[in-house]
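# An overview of the molecular structure
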Amino acid sequence: MLYRPLIRPYRNKYLAYAVRRLVHRCCPQFYFKNFMRKQVNPLGRPAYALTFDFDFEKDIEAFPRLLDLLNAHDIKAGMAVIGKFVEKYPDIHKRAVDEGHEIINHTYTHPDNPHWAPDRFFNKLSYAEQKDEIARAHEVIHDVLSVECVGFRTPHYGNLHTESVYPILSELGYKYSSSTAACAYKGYGAPAMHSHGVMEIPTGCSLNFPFAIFDSWNMLRKQNPFLGDDDLFVKEFAQTIDFIVQNNLFLTHYFDPYDIVKNRKIERVLEQLGKLETVLYRDMV
Ligand SMILES: [Zn+2]
């Protein structure tokens, strides 16, 4: 019963918020462990899907280093890319495809990206405009990278993610979206059928922060970040991975390339991933 108001908070927003605050303060690990143990792991073995969102020019600058390190660790990852960057920097995107990484459609301009779409917000776009953002990115990915994309991620997740993406994705023949947070979604961290024949693969949280997406923004960069320290960040990641391995579960996170490459955090993250199998979204759906 505890999980129901927290997974579907829109039913009783204020109660869910109060309970979340209380749980966050008094027993985050207890909640995270019990929430995740309800998962039915479709793979039946400990597995992790590593993904990256390329939202800014500085993420593109980190791209070659990231690919070198993934190669060195023999790990394939999902790359959520935006059409405008694929057009502007085709070679580095082609390299990612050639090296076996998965391309995820992250819209054409990534509203409200400061480079091209500073005043547009994905959730404020009309259905036709949303469809155009997704379809244009699909075309660019197809034309420039020769990839038939099957997965999508809404820019900024959360409040900017809308139900309208599912019929759009269905029309385009997409198999999955990865645009929700595990803590707010029914799959207990595992992929679940959403609607219109499209799966949702929710992005995961971590041991001590069961209600926040575990990414570098939430943990390190926003105002009053949850951790604010690189060593604590890696430690939290390592402990979460240990729990996933011990309990035979599936987990996925996304990281911002610039942030994770900085101060060699990615090397330490990849080392932890040696403890379990890494998988791609496209192989799960
Ligand atoms: Zn993004």
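Here we summarise the structure given alongside this text. (Residues numbered from 1 in each chain as written. Predicted model: local features only at pLDDT ≥ 70, side-chain atom pairs only at ≥ 80, totals over all residues. Heavy atoms only, no water.)

### Section: the coordination of the zinc ion
Binding of the zinc ion to the protein goes through D55 (OD), D55 (OD), H106 (NE2) and H110 (NE2), at separations of 2.1 to 2.4 Å. Around the zinc ion sit 4 donor atoms; with metal-centred angles ranging over 54 to 141°, the donor geometry is irregular. Considered as a linear motif, the donors of the zinc ion on their single chain read D-x50-H-x3-H. Looking at H106, the relative accessible area reads 0%, which means it is buried. (Donors = N, O, S within 2.8 Å, 3.2 Å for Na, K, Ca; no water. Tetrahedral: all angles 85-135°; square planar, octahedral: opposite > 155°, others 65-115°. Buried < 20%, exposed > 50% of the residue type's maximum accessible area, 1.4 Å probe, protein only.)

### Thoughts on unusual backbone geometry
With an omega of 0°, the peptide bond between P111 and D112 qualifies as cis. Relative to the helices and strands, D112 resides in the loop between β3 (102-105) and α7 (127-145). At H156, a residue that is not glycine, the phi angle is positive and equals roughly 75°. As for its placement among the helices and strands, H156 is situated in the loop between β4 (151-152) and α8 (165-171). The exposure class assigned to H156 is partly exposed, which follows from its relative accessible area of 40%. (Helix = DSSP H or I, 4+ residues; strand = E, 2+ residues; numbered from the N terminus.)

### A closer look at the pairing of strand β2 (residues 78-81)
Neither face of β2 is left uncovered, since the one carrying G78 and A80 and the one carrying M79 and V81 both have all their residues buried. Across 3 bridges, the pairing between strand β1 (residues 47-53) and β2 is parallel. In the strand pairing of β2, D53 is matched with A80. Running through helix α4 (residues 57-72), the crossover from β1 to the neighbouring parallel element β2 is right-handed. Alignment of β2 against β3, held across 4 bridges, turns out to be parallel. Across the sheet, the residue bridging to V81 is N105, located in β3. (Pairing = 2+ DSSP bridges. Right-handed = clockwise from strand over helix to strand, strands pointing away.)

### Some remarks on the nonpolar core
Ranked by size, the top nonpolar core spans 75 residues in total, and within it L50, F52, M79, F255 and L273 carry the most contacts. Among the elements that take part in this core, α4 stands out by supplying 7 residues, more than any other. In this structure L50 touches L70, I75, A77, G78, H253, F255, L270, L273 and V279, once residues within four positions along its chain are discounted. Counting residues in each nonpolar core, the second largest holds 11 residues, with A47, A80, F250 and Y281 among its members. (Core = buried A, V, L, I, M, F, W, Y, C linked by side-chain atoms within 4.5 Å. Contact = heavy atoms within 4.5 Å.)

### A closer look at the pattern of salt bridges
Within this structure, the stated rule accounts for 13 salt bridges. A salt bridge links R153 to D53; its shortest N-O distance comes to 2.7 Å. Separated by 100 residues along the polypeptide, R153 in the loop between β4 and α8 and D53 in strand β1 bring together distant segments of the chain. Taken individually, R153 and D53 each receive the classification buried, so the pair is uniform in this respect. (Salt bridge = Lys/Arg side-chain N within 4 Å of Asp/Glu carboxyl O.)

### Looking at the packing of aromatic side chains
If you walk through the whole model with that rule in mind, you get 17 aromatic pairs. Between F122 and F152 the ring centres are 6.2 Å apart and the planes differ by 40°, which places this aromatic pair in the tilted class. Linking F122 in the loop between β3 and α7 with F152 in strand β4, this pair joins segments that are 30 residues apart in sequence. Judged by relative accessible area, F152 falls into the buried class, the value being 0%. Here the aromatic rings of F233 and F255 are separated by 6.0 Å at their centres, their planes lie at 70°, and the arrangement is edge-to-face. Placement of the pair is F233 in helix α10 (residues 230-246) and F255 in strand β8 (residues 250-255), with a sequence separation of 22 residues. By relative accessible area, F233 is classed as buried at 0%. One aromatic cluster is present, formed by Y48, F214, F233, F237 and F255 through successive ring pairs. (Phe/Tyr/Trp six-rings, centres within 6.5 Å; stacked < 30°, edge-to-face > 60°.)

### Notes on the side chain of Q272
Position of Q272 among the secondary structure elements: in helix α12 (residues 265-272). Relative accessible area serves as the criterion here: at 14%, Q272 is assigned to the buried category. Beyond its immediate stretch of four places on either side in the chain, Q272 contacts F237, A238 and I241.

### Here we look at the environment of N113
Tracing the chain through its elements places N113 in the loop between β3 and α7. Assessed through its relative accessible area of 1%, N113 is described here as buried. Sequence separation between N113 and F56 is 57 residues, and the spatial gap between their C-alpha atoms is 7.6 Å. When neighbours within four sequence positions are excluded, N113 is seen to be in contact with D55, I82 and P118. One polar contact links the side chain of N113 to the main-chain carbonyl oxygen of D55, over a distance of 2.5 Å. (Polar contact = N/O pair within 3.5 Å; in protein donor to acceptor, adjacent residues only side chain to side chain.)

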